[in-house]
Amino acid sequence: MKKNFVSLFSILLVIALSMATLAGCGNAPAQQSGQTEGEETAKEKEEDSQTEGESGSGEPVTLRFSWWGADVRHEATLAAIEAYQKANPNVTIEAEYQGFEGYQQKMMTQLTGGTAPDLIQIDNVWLMDLCSQKTVLFDDINNYSDIIDLSSFEKQIIDSYCSYDGKLIGIPLGTNGSGLMVNHEFFEKFDIPMDTQFTWDSIIEYGKKVREADPESYLIGIDPSAESIVPLFWEPYLLGETGEYWISDDFQITCTKEEMGKAFSKLKELYDSGAAVPMGETISFSAKMEQLPKWVNGQLGCIMDWSGRLPAIKSALGAEKFATVNVPVVADGKLQTYPTKPSLLVGINNASKHKEEAAKFIEWMVNSEEAAEILKDVRSIPTSKTAREIVDEKGLGDPDVLKMVTNTLANPSSAPPYAGRNAEIVAIVLEEIQKVVYGQQTPEEGAEQLTARVQAKLDSLKK
Amino acid sequence: MLGRRRKNSFNMYKRKQWMGLVYIMPWLIGFLVFQLSPLISSLWYSFTDYSALGEAEFIGLENYRNLFTIDPNFRKSLSVTLKYVFMTVPAKLIFALFIAMLLSMKLRAVNFFRTVYYIPSILGASVAIATLWRFLFMRDGLINDILEAFGLNSTIDWIGDPRFALATISLLAVWQFGSSMVLFLAGIKQIPQDLYEAACIDGASKVKQFFIITIPMLTPIVFFNLIMQMITAFQDFTAPFLITSGGPANETYLYGMLLYDNAFRFYKMGYACALSWVLFVIIIAFTLLLFRTSAKWVFYSEED
Amino acid sequence: MNKIGKAKKIANVALRYIILILVGILMVYPLIWLFFSSFKPNEEIFGNIRLLPVNAVWNSYVEGWKGTGQFTFATFMINSFKMVVPTVALTILSSVVVAYGFARFRFPGHKILFALMISTLMLPNAVVVIPRYMLYNKLGWLDSYMPFYMPALFACYPFFIFMFIQFFRGLPKDLDEAACIDGCNTFEILVKIILPLSKPSIISATIFQFVWTWNDFFNSLIYISSVSKYPLALGLRMSLDTADAAMWNEIFAMAIVSVMPCVILFFLAQKYFVEGIATSGIKG
């Protein structure tokens, strides 16, 4: 046995060493092997490029494009890349796609290491954090306005959601609206009208009615994740109440502690009155409210969320029971508008060697009929008017998403100041909200705490 | 019993001590090449405003000052993490030792049982774990259903209630006790049988044998498990990362999560570095404490 | 008396089995649930906590295996093996050698070097990720498995070194000395005396490193960017986004498939724990 073991160990040793050497040989020039692959495909492409595409001339170029998403988005984007490569045989696009988990960390590491892809999908809430750095990470797309036709985008969206300091950081790929995702059978059962504009007060009243009729059911589910409750309740509530965003562009808190206290109180009332599913029950369903058993089983009237999450929420319930209405507003508020934002942006890495080619691909992606037909609404309803028209005309989008986005855009909120999108500020708001809702502090204490902590953070951002 | 092995001080290793350096050479090279410079960089960054996305500017002790004076999450996370360490580490070790004892006996289907007990550890931080844990511990979940079957009408949100959240996610760590168990199993199997034979002849009962042979002979492994589990537990953030993102009301905001947030969500890498060096010092302190006490309760057969 | 003794023994064994089975159910129930859930449509997975599917979905394994179309899970599975197997072998190899050096020799600087080694475990990974990434970038190792192999070759896993040290120190030194009298040099002692006695610990280290590298998400995420090189840990999370309705049965199905190699390895390897080590036999 002893002998066996010695030989086992030596075999292990040999395997290890040989595999390592093999792998070493195979990998040491990792980039090279990648390039060879790229060249091969490029060659193949060249062969069938006799027909010659529009921009078929030019040096062979390899672009890397990173995005996150689920299967539908991956498949559509891969198909789009395929189509683009066919039309532009000199271009090879390497797709680097993944799920959402870890995307931001990876992007950051790559940007730091100078290894980031040429085209990078980003979330508009990251914009300020990415652009307030000492290094310029993304190129100003205004430089490529001769390649990318910016006229197909609303100027307001380009300026206030996608630009920072006058530089256009990313081209919006889709538009998010907001609303209540409704189980209309539930609304009919409890005799709640669908054709009214809800206010937070009316939600609370209807919510109480539901609880009286059936103690197992709730009217509304509020996604407790920072990406939802802050931009869909906290911000809009204060905006409605005061007529302006609670944080201004010059890094000041604009609302008073009383006003903040009011927002806290209203939220607490939503939970305490039983209108909303208790926070304790939803907290582990952050950003996955569709998995809430009460929603699947029809014991929940509606979920408030971004239209981007609509497909998931709808499919969990079943399309036949699903409908949408607008988000609640503040009763007698100064403003009664609906939050919107671009779902995703695509930016050009400033360190990219092929920025113009990257811009050409973006132009094709957002403004060509072919791309619109392939990409449909996998990044929400396209923001580009050209693409949107095609999607509308051919009915390529989910009608409910379309409806929610259209309704939101009929009465959209103005763009929130970037400072309010700082990840740490949003996290602080969420934390104080939780403490208030759990009764660990009063709304007044919450307002006090929040003001102090957020102001401190704003001061450090101002620097 | 252990004294039986006492020998003359003849020791061939004493004559070839320098050979040790040859054996540890691979590590030494690895340490110098792969580990030292990241270590030093992170120490340097902790005195800067490094965002990970731009140049770092020296700001002296400001990160450390902020951490101790301003940041309420630092204190919160630290206290949550200490609770977590003190809950999970002993529970995990005791449980692992108990199961390892059972599994080291000659039983039918013992192979099958061993595998079953290791499965949770294989699942690790799998994508399915979060879903699973929610499903077990939500208000309408399996745990409450089982409690109900025993006549306890429970409507507790085990994850969503600030009072129970930390205990619930600690359970996830304890549930994954497999690696400690495997080490104990290996340790038990390494105990020379002649010790037991001798004890048998001396007429020691099974229980006595456990306390005078098994436990003392296992102490090096207990010690190893204790140190490693402690180090891991201090840095752990699997559960909040997958399930709670730190809530409710920061009750599960483990230090590792705070660190991760600062490094990769808030773009405060310099601050994150300061946080981790503070954690480093804390862990070192605990480790030294354990090493100090180890002379009193850890037995090595090699010692002559 | 004898009868009572026998009855007691039976009761004892029965008790052990009862404990093992009860705790075992607790341990494995989640996996069973996962298995059945891989045959359920979403609304059954999330709508109730029933174990068995009502309207079973049978194609989840086939559909899940296909992935997003560009690469199937076969690619990810092969990648995982390519990444994990050399890493494990190199780790064991280097750690054993280094641990022997630490465990048996009292060279100058022993204590300080040991402390340094252990202390590298104590700094959280999050803050060394970026400097390390830069280093590997300079070495040209990104988007390959070298960031896994090379640290393994150079014993950068103090966990295993420390673990082997503890096990080696549990081995009586008189065996080494007996061998020394027989004329073995230190390397021969390591290979002929210590290693055969350390089989349980080597097997455990193999299992750990296999499972940990297999499941390692954060490092694979950072170092591997081509989808064609993704290991399973990345492949599994590739379709998870909050926005879209995921097919959870497929995700669960692939989660199960992806842990199977680890389960099989463990099942096969564990017989080495059962095999007691007869020290006396070697002595003779």
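From a predicted model like this one, the values you see are computed outputs, not experimental measurements. (Residues numbered from 1 in each chain as written. Chains lettered and ligands numbered in written order. Predicted model: local features only at pLDDT ≥ 70, side-chain atom pairs only at ≥ 80, totals over all residues.)

### A short note on the overall build of chain A
Phase 1: Across its full length, chain A holds 19 helices and 13 strands.
Phase 2: In chain A, which comprises 463 residues, the proportion classed as buried is 54%.
Phase 3: Here the analysis covers contacts within chain A between residues at least 6 apart in sequence; of these, 76% occur between residues at least 24 apart. (Helix = DSSP H or I, 4+ residues; strand = E, 2+ residues; numbered from the N terminus. Buried ≥ 20, exposed ≤ 12 C-beta atoms within 10 Å, placed from the backbone. Contact = placed C-beta atoms within 7 Å.)

### A word on the sheet that holds strand E1 (residues 61-68) of chain A
Residues and elements named next belong to chain A.
Phase 1: Spatially, E2-E1-E3-E13-E6 is the arrangement adopted by the 5 strands of the open sheet, whose pairing is mixed. Two strands lie at the open edges of the sheet, namely strand E2 (91-98) and strand E6 (170-172), each paired on one side alone. Between one strand axis and the next, the sheet turns through 25 degrees on average, direction left out of account.
Phase 2: Examined bridge by bridge, strand E3 (residues 119-122) and strand E13 (residues 345-348) share 4 bridges and lie antiparallel to one another. When the sheet's bridge partners are listed, Gln 121 is paired in E13 with Val 346.
Phase 3: On top of the sheet, helix H3 (residues 71-87) reaches E1 and E2; it is set at about 175 degrees to E2, its chief contact. (Pairing = 2+ DSSP bridges. Axes fitted to C-alpha atoms, helices over the stretch in contact; angles between N-to-C directions.)

### Examining the domain arrangement of chain A
Residues and elements named next belong to chain A.
Phase 1: Structurally, chain A comprises domain 1 (56-175 + 342-403) and domain 2 (178-339 + 422-462).
Phase 2: Between the C-alpha centres of domain 1 and domain 2 the distance comes to 30 Å.
Phase 3: Each partner contributes residues to the interface: domain 1 has 8 residues there, and domain 2 has 9 residues.
Phase 4: Every element with two or more residues in the side of domain 1 that touches domain 2 is listed here: helix H5 (127-131) and helix H17 (399-410).
Phase 5: For the side of domain 1 that touches domain 2, the leading source of residues is H17, giving 3 residues. (Domains from an automatic or database assignment.)

### Here's the deal with the interface of chain B and chain C
Phase 1: Listed as interface residues are 83 residues of chain B and, on the opposing side, 85 residues of chain C.
Phase 2: If one sorts the elements of the side of chain B that touches chain C by residue count, helix H2 (residues 19-45) of chain B sits on top with 18 residues.
Phase 3: Here the residues of the side of chain B that touches chain C are counted per class, giving 55 nonpolar, 19 polar and 9 charged. (Nonpolar A, V, L, I, M, F, W, Y, C, P; charged D, E, K, R; others polar.)

### Topic: the packing of helix H4 (residues 72-103) of chain B against helix H9 (residues 178-190) of chain B
Residue and element names in this part refer to chain B.
Phase 1: Between H4 and H9, the shortest axis-to-axis distance is 8 Å and the interhelical angle comes to 45 degrees. Comparing the axis directions of H4 and H9 gives the class oblique. Crossing angle aside, the handedness with which H4 passes H9 is right-handed. Contacts from Lys 92, Leu 93, Ala 96, Leu 97, Ile 99, Ala 100 and Leu 103 of H4 reach H9 at Ser 180, Met 181, Phe 184, Leu 185 and Ile 188.
Phase 2: Its residues assigned to classes, the contact of H4 with H9 shows 10 nonpolar, 1 polar and 1 charged. (Parallel < 35°, antiparallel > 145°, perpendicular 65-115°, else oblique. Left-handed = near helix turned anticlockwise from the far one by under 90°.)

### Let's talk about the interface of chain A and chain B
Phase 1: With 25 residues of chain A at the contact, the number on the chain B side is 26 residues.
Phase 2: Elements supplying a minimum of two residues to the side of chain A that touches chain B: helix H4 (103-113), helix H11 (279-282) and helix H18 (423-437) of chain A.

### Observations concerning the nonpolar core
Phase 1: Grouped together as the largest cluster of nonpolar side chains are 328 residues, with contacts concentrated most on B:Phe184, C:Ala99, C:Ile161 and C:Ala255.
Phase 2: Of all the elements, helix H4 (residues 73-104) of chain C adds the most residues to this core, at 16 residues.
Phase 3: Beyond its immediate chain neighbours, meaning those up to four positions away, C:Ala255 contacts B:Ser126, B:Val127, B:Ala128, C:Leu34 and C:Leu236. (Core = buried A, V, L, I, M, F, W, Y, C linked by C-beta atoms within 7 Å.)

### With respect to the pairing of E13(A)
Residues in a regular strand point their side chains to alternate faces of the sheet.
All names here are of chain A.
Phase 1: Neither face of E13 is left uncovered, since the one carrying Leu 345 and Gly 347 and the one carrying Val 346 and Ile 348 both have all their residues buried.
Phase 2: Sheet analysis places E6 next to E13, joined by 3 bridges and oriented antiparallel. Across the sheet, residue Pro 172 finds its bridge partner in E13, namely Leu 345.

### Examining helix H7 (residues 146-153) of chain C
Phase 1: Of all 8 residues that make up H7(C), 8 are buried, and the element is covered over most of its length.
Phase 2: When H7(C) is considered as a whole, its buried residues turn out to be C:Met146, C:Pro147, C:Phe148, C:Tyr149, C:Met150, C:Pro151, C:Ala152 and C:Leu153.

### A short note on the confidence of the model for chain A
Phase 1: Chain-level statistics for chain A give a pLDDT mean of 87 and a share of 88% at 70 or above.
Phase 2: Scored below 50 in pLDDT, residues 16-56 of chain A makes 43 contacts in the model with residues more than four places away or belonging to other chains. (pLDDT = per-residue confidence, 0-100.)

### Concerning the confidence of the model for chain B
Residue and element names in this part refer to chain B.
Phase 1: For chain B, per-residue confidence averages 88 on the pLDDT scale, and residues scoring 70 or more make up 95% of the total.
Phase 2: Confidence drops under pLDDT 50 across residues 1-10; counting only partners more than four residues distant or on other chains, this segment forms 14 contacts.
Phase 3: Listed scores for the predicted complex are pTM 0.90 and ipTM 0.90.

### Remarks on the environment of A:Lys294
Residues and elements named next belong to chain A.
Phase 1: Topologically, Lys 294 is positioned in helix H12 (residues 293-296).
Phase 2: Sequence separation between Lys 294 and Gly 221 is 73 residues, and the spatial gap between their C-alpha atoms is 9.5 Å.
Phase 3: If we ignore the near neighbours within four places in the chain, the residues touching Lys 294 are Tyr 218, Val 277, Gln 299 and Leu 300.

### Describing the sheet that holds strand E11 (residues 322-325) of chain A
All names here are of chain A.
Phase 1: Spatially, the 4 strands line up as an open sheet ordered E9-E10-E8-E11, and their pairing is mixed. The two strands at the open ends of the sheet, each matched to only one other strand, are strand E9 (218-222) and E11. Recorded for the sheet is a direction-independent mean angle of 25 degrees between the axes of neighbouring strands.
Phase 2: Bridge analysis of E9 against strand E10 (residues 300-306) gives 4 bridges, and the strand direction is parallel. Directly across from Ile 222, in E10, lies its bridge partner Met 304.
Phase 3: Packing of helix H13 (residues 310-317) onto the sheet brings it into contact with strand E8 (178-183), E10 and E11, and relative to E8 it is tilted by some 5 degrees.

### Things to note about the packing of helix H9 (residues 226-242) of chain A against H18(A)
Residues and elements named next belong to chain A.
Phase 1: In the contact formed by H9 and H18, the axes pass within 10 Å of each other and the chain directions differ by 80 degrees. When the axes of H9 and H18 are compared, the pair comes out roughly perpendicular. Along the contact surface, H9 presents Ala 226, Ile 229, Val 230 and Trp 234, while H18 presents Val 426, Ala 427, Val 429, Leu 430 and Ile 433.
Phase 2: Considering only residue class, the contact of H9 with H18 consists of 9 nonpolar, no polar and no charged.

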